[in-house]
Amino acid sequence: MTLWTSAKNSRTIWQRPFILGLLFACLNGSLSLWYYQKQLQQRQEQLHQEVTLVTQFLRSALQRGQYQNARQILKLWSQTRHEVSSLKAIAENGYTFFTYERSHQFTETVLITKTLHYGYQGQLDLQITFKFDLTTPTLIFSFWLSLGLLAALGLIALTWSGTLYRKKNRLEKQSVQTQHFNELQDSHQQLEDFAYIISHDLKEPLRKLHQCSIFLNEEYTHQLQGRGLTCLENIQTHSGRMDTLVDSLLHYSQLGNIPLQHENIPLNALITNIHTSLSQDFLQEHVTLRIPQPLPSIEGDLITVENIFRNLLKNAFQYNDKPTPWIEVGYQTPSDSLIFYIRDNGIGIPVSQHKTIFQIFRRVSSQAHTASGSGTGLTMLKRIIDRLHGKLWLDSIPNEGCTFYFTLSPETTPQNWPEAIIPFPAESI
Amino acid sequence: MLKIIPFIGILLLSSHLWADNTSSPLTLGIHPYLNPEVLKKRFSPLADHLSNQLQRPINIQVANNYAEHIRYIGTDQLDIAYMGPASYVQMIAEYGEKPTLACLEVNHRTWFQGVIINRQDHPANELSDLQNARFAFGDPHSTMSHLVPRYMLMEAELVKGLNSRFLGSHSNVAEAVLMGDFDAGAVKEAVFHAQKANGLKALAFTPKLSEHLFITRSTLPTELIKRLRLMLQNVHQQPGGEKILHAIKPSITRLMPVKSGDYDNLMKIMHSLQQAGF
């Protein structure tokens, strides 16, 4: 146990080969000894069988009075079996019927004695000494065993080194990935910090600028004329817009830091509340809300989900110039997935802007000068959905309407998500 | 007509003499105490020697068994025959006497004998101690490991109650006695001497019996018989003669004259055994 513990704990170069060599020698020695004992046992059994056979022949000859034949049997057998070291056949009266001696260098000695009864009173005692050499076959066995063990050890070493090599590669790869991840996280954090600092620090001079413009407007309007008044109004308008942009930027930078909660959200009620709220905000109570089928309740973070729907509904309210505007909120379940959609009959989005629309501060170009808004809504929306590992995409025909599709988790996102949607019938718009 | 008969007789006799004097092959028959191939190899030098001397080819023939061998020589189907003493006595009893040529001299003895043996630590020291003993014989046809010893046991009145068994050979008998499986047994002298050091002792010796011999058919010309006899008895003096004899048996020293009466004691033994039903 101590040896094993020391082997396990050994870290020096020479200790492991030494311990392995010692184990190898012990294993080889034990197996060779086992082989030797087995060979010895087998040989003894063989010799016993042979002696029994010879005894049967001997008895048969003696019972027929064929003493010379009996002697011939013993002579032939002892001469042909080179392991017979000595053989004595002694009659009951002490007469040595047959004797045979052979000198050789074999080491292992086995003595077999057998009493042979024949006829009515005849008795013959056989004393046979065998000497044989099991060293040579054991050495041959040991040699092949060593080869086998070495081959096995070689295979194990190869496999082990291969495993170590792969493990090392994996660890190195993981290490690089971790390093990249950490760097990315640091970079991301720095970016968020930067955005926060920028937006936060910009607010102060901006507020002063805005206050100054208000002060000018209140106290010195009578001194300004024509172009001066226009410039003052522009200062107030753009500083207000810049304030909105900075607020949006601040909000965007804080999106990833809000922890997500899990609760049951009844979407029907949520959508109705948002619609009511937006109708009041936009003073457009005539915008119809269509829900083709009752919306399900889902598990998720209420604030996040509300943000998503609110952003999309707000867009639908905001970018609609039709006399009878409507918004449709619904869902599809292709391939057991769950895709939500929000449709409207608004101004639509040209195909060329379907991708760029999600970039920050981008707005639909045709309405950029008329519609209010910071141009960060869809960007934040995309970021929120990305954080949930869902998908967001859109389908739109300019001047006819727009449909935003989204999923809220990877589990509810179909494999072929852009094409998985079920087309709406033409008359539904 | 009467004048023609002697003429025909002379013609037949001369034709017979002519036939024996020609180069027609002679047949040497060997009694089958060993494998035929081994016997042919052992007796080939002698056959070649006789063939060279006689300027006639000599073929070696080995019978399938002792009875066949006895029948072949008894019915004059063999020109020369080599036989054991027991076979010779049996042949005389069945077919009458045949001219003898020579007998073996083994280790300078023209006789041999057997031994009734037991272990040195066995309590029996005389033949008479073998009452109801376990007795080992060799081959049933063997002179020294069965016939003569059985005669001796008969003479000693030990046959009744004797627990005997044939073990096939002299060596098996000696081993059986040494191992204690039998109280006593009968072997030839050579086997006894070979195993004596292992713990055997001689309980009794059999009578001396004349050695194995060469005989010839009765119908062979007298001159040829004489020549054969002379040639055999002088083999040891010929160049390579010792080699010829040793090929048959290494302990043979020479071939000696022999007569039918030399086997009378064996004949008496065989007669007694025959009467006893063996």
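In case you missed it, the structure is sitting above this.
Notes on the structure follow.

Now for unusual backbone geometry. Residue and element names in this part refer to chain B. Positive phi, close to 60 degrees, is recorded for Asp76, a residue that is not glycine. On the secondary structure map, Asp76 appears in the loop between α3 (66–74) and β3 (80–83). The class of Asp76 is partly exposed, set by 14 C-beta atoms lying within 10 Å. Despite not being glycine, His108 has its phi angle at roughly 65 degrees, a positive value. By the element assignment, His108 lies in the loop between β4 (100–106) and β5 (111–112).

This part takes up the nonpolar core. Counting 89 residues, the largest nonpolar core has Ile117(B), Val173(B), Val177(B) and Ala184(B) as the members making the most contacts within it. Excluding residues within four positions of it along the chain, Val177(B) makes contact with Ile117(B), Asn118(B), Arg119(B), Ala136(B), Phe182(B), Ala184(B), Gly185(B) and Leu200(B). Listed in part, the 33 residues of the second largest apolar core include Phe309(A), Phe317(A), Tyr331(A) and Ile339(A).

Here the focus is helix α5 (residues 143–155) of chain B. All names here are of chain B. Of all the bends in α5, the largest measures some 30 degrees and sits at Pro149. Extensive coverage of α5 is indicated by the burial of 10 of its 13 residues. Listed in full, the buried residues belonging to α5 are Thr143, Met144, Ser145, His146, Leu147, Val148, Pro149, Arg150, Tyr151 and Leu153. With its phi angle positive at about 55 degrees, Glu157 sits one or two positions after the end of α5.

All names here are of chain B. With eight of its nine residues buried, helix α6 (residues 170–178) lies for the most part within the structure. Among the residues of α6, those classed as buried are His170, Asn172, Val173, Ala174, Glu175, Ala176, Val177 and Leu178. Where α6 terminates, the next one or two residues include Gly180, which has phi positive at roughly 85 degrees.

A few words now on the sheet that holds strand β2 (residues 96–101) of chain A. Residue and element names in this part refer to chain A. The four strands are arranged β2-β1-β4-β3 in an open sheet whose pairing can be described as antiparallel. Among the strands making up the open sheet, the edge pair consists of β2 and β3 (108–118). The mean inter-strand angle of the sheet, taken between neighbouring strand axes irrespective of direction, is 10 degrees. Both β3 and strand β4 (residues 122–132) contribute to a ladder of 11 bridges, which runs antiparallel. Residue pairing for β4: Thr113 is matched across the bridge by Gln127.

We now examine the interface of chain A and chain B. Taken together, the contacts link 11 residues of chain A with 14 residues of chain B. Partitioning the side of chain A that touches chain B into residue classes produces four nonpolar, six polar and one charged.

Residue and element names in this part refer to chain A. At a minimum axis distance of 10 Å, the contact between helix α6 (residues 267–282) and helix α7 (residues 302–318) shows a crossing angle of 40 degrees. Taken as axis vectors, α6 and α7 run oblique relative to one another. The handedness of the crossing between α6 and α7 is right-handed. Seen from α6, the contacting residues are Leu270, Ile271, Ile274, His275, Leu278 and Phe282; seen from α7, they are Glu306, Phe309, Arg310, Leu313, Lys314 and Phe317. Tallied by class, residues from the contact of α6 with α7 come to eight nonpolar, one polar and three charged.

When two helices pack together, you describe them by how their axes are tilted relative to each other and by the distance separating the axes. Residue and element names in this part refer to chain A. It is at 9 Å that the axes of helix α4 (residues 135–219) and helix α5 (residues 227–254) come closest, and there the two elements cross at 160 degrees. Relative to α5, the element α4 lies roughly antiparallel. The crossing of α4 and α5 is left-handed.

Cut-offs applied
- Residues numbered from 1 in each chain as written.
- Chains lettered and ligands numbered in written order.
- Predicted model: local features only at pLDDT ≥ 70, side-chain atom pairs only at ≥ 80, totals over all residues.
- Helix = DSSP H or I, 4+ residues; strand = E, 2+ residues; numbered from the N terminus.
- Buried ≥ 20, exposed ≤ 12 C-beta atoms within 10 Å, placed from the backbone.
- Core = buried A, V, L, I, M, F, W, Y, C linked by C-beta atoms within 7 Å.
- Contact = placed C-beta atoms within 7 Å.
- Bend = angle between axes of the 7 residues up to and from the residue.
- Pairing = 2+ DSSP bridges.
- Axes fitted to C-alpha atoms, helices over the stretch in contact; angles between N-to-C directions.
- Nonpolar A, V, L, I, M, F, W, Y, C, P; charged D, E, K, R; others polar.
- Parallel < 35°, antiparallel > 145°, perpendicular 65-115°, else oblique.
- Left-handed = near helix turned anticlockwise from the far one by under 90°.

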